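Each chain, letter by letter, is given below.
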Amino acid sequence: MFAPILEAYDAAGSGEVKVIKVNVDENGNTAAHFGIMGIPATLLFKNGEAADKKVGVMSLEGLKAFISKHQ
């Protein structure tokens with residue numbers, strides 16, 4: 001449900017933001033490390049560090065706003 005929104009954001013992006021999807025079923029240790037308790041979960045990294053996290057589906061505009069507050 002959220003994948004098409006991520007893909008639309010990535011396709012329209014300027015290349016400043018890298019979008020990566022991780023399957024938590026296949027990467028349970030990574031999910032546990034970042035405290036992922038619900039999916040979808042969106043983590044935003046800045047300078048190699050987790051800067052923000054949001055759980056749940058966002059609209060394309062919501063995703064843009066989530067990312068832009070950290071640019």
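A brief look at the structure comes next. The written sequence of each chain sets the order in which its residues are numbered from 1. This being a predicted model, a pLDDT of at least 70 is required before a residue's local features are given, and a value of 80 or more before pairs of side-chain atoms are given or counted; all residues contribute to the totals for chains, interfaces and linings. Hydrogens and water molecules were not included; the side-chain quantities draw on all heavy atoms of the structure.

Details of the overall build of the chain
- Tallying secondary structure elements over the chain gives three helices and two strands in all.
- Strands here mean DSSP runs of E at least two residues long; helices mean DSSP runs of H or I at least four residues long; both are numbered from the N terminus. Helices and strands in the chain line up, N terminus first, as α-α-β-β-α.
- The globule rule puts the C-alpha radius of gyration for 71 residues at 11 Å, and the 12 Å found for the chain is close to it.
- Contacts in the chain between residues at least 24 apart in sequence constitute 34% of all its contacts with a sequence separation of at least 6.
- For the chain, the accessible area works out to roughly 5200 Å², and carbon and sulfur atoms hold 52% of it.
- Under this rule, positive means Lys or Arg and negative means Asp or Glu; His and the chain ends count for nothing. Charge positions are represented by NZ for Lys, CZ for Arg, CG for Asp and CD for Glu. Looking at charge distribution, the chain has the averaged site of its 7 positive side-chain charges lying 5 Å from that of its 8 negative ones. For the radius of gyration, the atoms used are the C-alpha atoms, and the globule rule reads 2.2 Å times the number of residues raised to 0.38. Residue contacts follow a heavy-atom distance rule, with two residues in contact if any of their heavy atoms lie within 4.5 Å. Every accessible area reported is derived by Shrake-Rupley at a probe size of 1.4 Å, with residue values counting cover from the shown protein chains alone.

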